[in-house]
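Below, each chain spelled out in residue letters.
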Amino acid sequence: MKKRGYKKFIPYIYSLPGLIFIGLMIVFPILYTGYISLTNMNVYHWFDFHIIGFQNYKKALFVLDTGFLAAFGRTIVWTAVNMMLQMIIAFLIASLLNVEGLKLKGVYKTILMFPWAMPGYISILLWRMGMFNTEFGLLNNWLNRLGFSDVHWLNSDHIAFGSSVVVNLWLALPFMIMIIDGALQSIDKTYYESATIEGAGYFVQVRQITLPLLKPIIAPAVIITMFTTFKQFDIIYLLTQQQGSKTGADIHTVITYTYEKAFVTNNYGYSSAISIIIFMILIIFSLAIRGGKKGGDVDE
Amino acid sequence: MSRRTKLKVKLGLLNLFFVVACSLCLIPILYTLSVSLSGTNNILSGSFSFIPKTFTLDNYKAVLFNEPYLLWLKNTLILVSATVTLSLAVAIPAAYAFSRFRFIGRKTILYILILLNAFPSILSMFAIYRILMPIKLVNSYLGLILIYVGTMAIFGLWNMKGYFDTIPIEIEEAGKIDGANDFQLVTKLILPLAKPSIIVTAVMIIIFVWNEYIFAVTFMTGAQKYTLAAGLYALQATQYTRNWPVFSAASLLTAIPILIIFLMIQRNMVSGLTAGGVKG
């Protein structure tokens, strides 16, 4: 079919409004963040800021006691711990859901999906006030009843980190269970039958059949979850770092750290530099993942 | 033991495991429900069970009539409807263009959009604030709507583009042969076919706006302008800390619509999301 001249512009006309919104509200602010990161803008230099080059970046990357490197390390640990626990528990639960003869599977699955359906920030606040609260939280109440004394769930670094991991698991497991459950169902049952005939035990079957077949199906979801975990802001912020009601635990990840530098200590230039560093890290991550995956083209 | 009884024991244990797992999973929600229905602040006494001794709806009444809850609901609905309408209006044509046409810059833009999606908007929140302030869009709904539309346009574009890709082009060609013009082609053929994906996208946008609190709190001043999320956040930071039953009632009232919508479209959501942009 021959294209008339104006037809060439049709796709641009169709996509222009959307791209303008994205350009103005997403791209321009990122570029502006990059610009602020090169200045000394802070609460004392709101208008009379000036360019100071890469000093903010140097401060973040080479001055140890700014806390950025510690927060970065913590974010890596946070992501690794959560992903590991999530994969193991979700695999276990999904496999058990698929045991033949389990009649109530549908009911269990629906109930297990509830945490996913709840608005995230509400769940986190409910955990903070209902479960972890020192005076009237359920956990301490139960502990008291068993004869133990109160635990301050959110006040010291290690316990608060553990509590945050628990909340993250509670929030994120449903999605992972659903993904693995779907993947397990797509595996051809005859593989297992012939393996059983050849005398392969349960664990051999899991290692030789289930896991290799599972991997490519769940890979995209796992990668997405990894990014969301790395970028997780709400849990740590709402549980421990809320403005005006900090619990005293310092378990900043890079995102909550950046937020604090911008909106609490008002060091805008420095905070913007960290934003750009995180963005670079995320880009490198996703490029590495795309590069490692064959056919990772955006087209199909 | 015969094979049969062995199987029965196994299934029994399995059911026990899931009953325990489901209870663990529901405890925070059930406990909140129980607190919201109980009369006094301290319902915890006696045993491990947390069923309230006296049932009352006072906490729900307090939320609805003593707090600006209904005002926040109204504000939220304004933001939700404006964001959904605008996002779909800009994302559907764009998704269609990126799915059906091959043009210069197409691949590059799609790729940049993926990278932009990796950028958490909290990181550029200060820059957005600084940009919107001089043009008087801070503390205005329009400002928030623009931010939300920008974020959701990327998601909508990718998600619906993925779905458009699965609609065979032959259907359109057949329509063209039957004499349909471009406009009819889109409104009569493509949009009805893409309905599942459009619905999922719209619902995801609704959930996003309904749950978004950090921009709403930062950009809006004064409880009169808060959304539900911002209002709940502000209240738990101040007075509700002392009034946990009222806060639980407010939380549940806010969560229930989303819970219902979510469970209703859950099945579509899996297919709507996996067929769409999430696959890459």
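Residues numbered from 1 in each chain as written. Chains lettered and ligands numbered in written order. Predicted model: local features only at pLDDT ≥ 70, side-chain atom pairs only at ≥ 80, totals over all residues.

## Here we look at the overall build of chain B
A count of helical and extended segments in chain B gives 12 helices and zero strands. Ordered by position from N to C terminus, the α and β elements of chain B give α-α-α-α-α-α-α-α-α-α-α-α. Per-residue burial over chain B gives 39% buried out of 280 residues. A sequence separation of at least 24 residues applies to 72% of the contacts in chain B between residues at least 6 apart. (Helix = DSSP H or I, 4+ residues; strand = E, 2+ residues; numbered from the N terminus. Buried ≥ 20, exposed ≤ 12 C-beta atoms within 10 Å, placed from the backbone. Contact = placed C-beta atoms within 7 Å.)

## Examining the overall build of chain A
For chain A, the count of helices and strands is 12 helices and zero strands. In terms of C-alpha radius of gyration, chain A reaches 24 Å, well past the compact-globule figure of 19 Å for 300 residues. With the principal axes as the frame, chain A shows a C-alpha extent of 80 × 75 × 35 Å. Sorting the 300 residues of chain A into buried and exposed places 36% on the buried side. Pairs at least 24 apart in sequence give 65% of the contacts found in chain A among residues at least 6 apart. (Rg over C-alpha atoms; globule rule 2.2 N^0.38 Å.)

## Topic: the interface of chain A and chain B
Often, the extent of an interface is quoted as the loss of accessible area on bringing the components together. Between chain A and chain B, the residue contacts involve 72 residues of the former and 72 residues of the latter. Among the secondary structure elements, those contributing two or more residues to the side of chain A that touches chain B are helix 1 (10-36), helix 3 (68-97), helix 4 (105-117), helix 5 (120-132), helix 6 (138-145), helix 9 (202-231), helix 11 (254-263) and helix 12 (268-292) of chain A. Top element by residues in the side of chain A that touches chain B is helix 1 of chain A. It accounts for 19 residues. For the side of chain A that touches chain B, the class distribution of residues is 53 nonpolar, 16 polar and three charged. (Nonpolar A, V, L, I, M, F, W, Y, C, P; charged D, E, K, R; others polar.)

## Side note on the domain arrangement of chain B
Residue and element names in this part refer to chain B. Split into domains, chain B comes out as domain 1 (3-56) and domain 2 (60-279). Contacts between the two partners involve six residues from domain 1 and, on the opposite side, six residues from domain 2. Here the residues of the side of domain 1 that touches domain 2 are counted per class, giving two nonpolar, four polar and no charged. (Domains from an automatic or database assignment.)

## Quick word on unusual backbone geometry
Residues and elements named next belong to chain B. Unusually for a residue other than glycine, Lys 136 sits at a positive phi of about 60°. By the secondary structure assignment, Lys 136 is in the loop between helix 5 (125-132) and helix 6 (141-166). On the neighbour-count criterion, Lys 136 (10 C-beta atoms within 10 Å) is exposed. Non-glycine residue Asn 139 carries a positive phi angle of around 65°. Here Asn 139 shows up in the loop between helix 5 and helix 6.

## Comments concerning helix 5 of chain A
Most of helix 5 of chain A is tucked away, with 12 of its 13 residues classed as buried. Among the residues of helix 5 of chain A, those classed as buried are Tyr121(A), Ile122(A), Ser123(A), Ile124(A), Leu125(A), Leu126(A), Trp127(A), Arg128(A), Met129(A), Gly130(A), Met131(A) and Phe132(A).

## Re the packing of helix 3 of chain A against helix 9 of chain A
Residues and elements named next belong to chain A. Viewed as axis vectors pointing N to C, helix 3 and helix 9 meet at an angle of 140°, and their least axial separation amounts to 9 Å. Between helix 3 and helix 9, the interaxial angle falls into the category oblique. Of the two elements, helix 3 crosses helix 9, and the hand of that crossing is right-handed. On helix 9, the residues touching Thr 75, Thr 79, Asn 82 and Met 83 of helix 3 are Met 226, Thr 229 and Phe 230. (Axes fitted to C-alpha atoms, helices over the stretch in contact; angles between N-to-C directions. Parallel < 35°, antiparallel > 145°, perpendicular 65-115°, else oblique. Left-handed = near helix turned anticlockwise from the far one by under 90°.)

## With respect to the environment of Pro115(A)
Note that Pro115(A) resides in helix 4. In contact with Pro115(A), other than residues within four places in its own chain, are Ser123(A), Trp170(A), Leu171(A), Pro174(A) and Cys25(B).

## Brief notes about the environment of Met83(A)
Residue and element names in this part refer to chain A. By secondary structure assignment, the location of Met 83 is in helix 3. Taking the C-alpha atoms as reference, Met 83 lies 15 Å from Ser 163; in sequence the two are 80 residues apart. Once you skip the residues sitting within four places of it in the chain, Met 83 turns out to touch Met 226 and Thr 229.

## Notes on the confidence of the model for chain B
Residues and elements named next belong to chain B. When the pLDDT values of chain B are averaged, the result is 86; 90% of them are 70 or greater. Per-element confidence in chain B ranges from a low mean pLDDT of 81 for helix 12 (residues 244-274) to a high of 95 for helix 3 (residues 69-100). Confidence drops under pLDDT 50 across residues 275-280; counting only partners more than four residues distant or on other chains, this segment forms 21 contacts. Interface scoring of the predicted complex returns ipTM 0.88; its pTM is 0.89. (pLDDT = per-residue confidence, 0-100.)

## Focus on the packing of helix 4 of chain A against helix 1 (residues 3-37) of chain B
One can describe the packing of helix 4 of chain A onto helix 1 of chain B by two numbers: an axis separation of 9 Å at closest approach and a directional angle of 30°. The orientation of helix 4 of chain A with respect to helix 1 of chain B, classified from their angle, is roughly parallel. Relative to helix 1 of chain B, helix 4 of chain A is oriented so that their crossing is left-handed. Residues Tyr108(A), Ile111(A), Leu112(A), Phe114(A) and Pro115(A) of helix 4 of chain A lie in contact with helix 1 of chain B, whose contacting residues are Phe18(B), Cys22(B), Cys25(B), Leu26(B) and Ile29(B). Within the contact of helix 4 of chain A with helix 1 of chain B, the residues separate by chemical class into 10 nonpolar, no polar and no charged.

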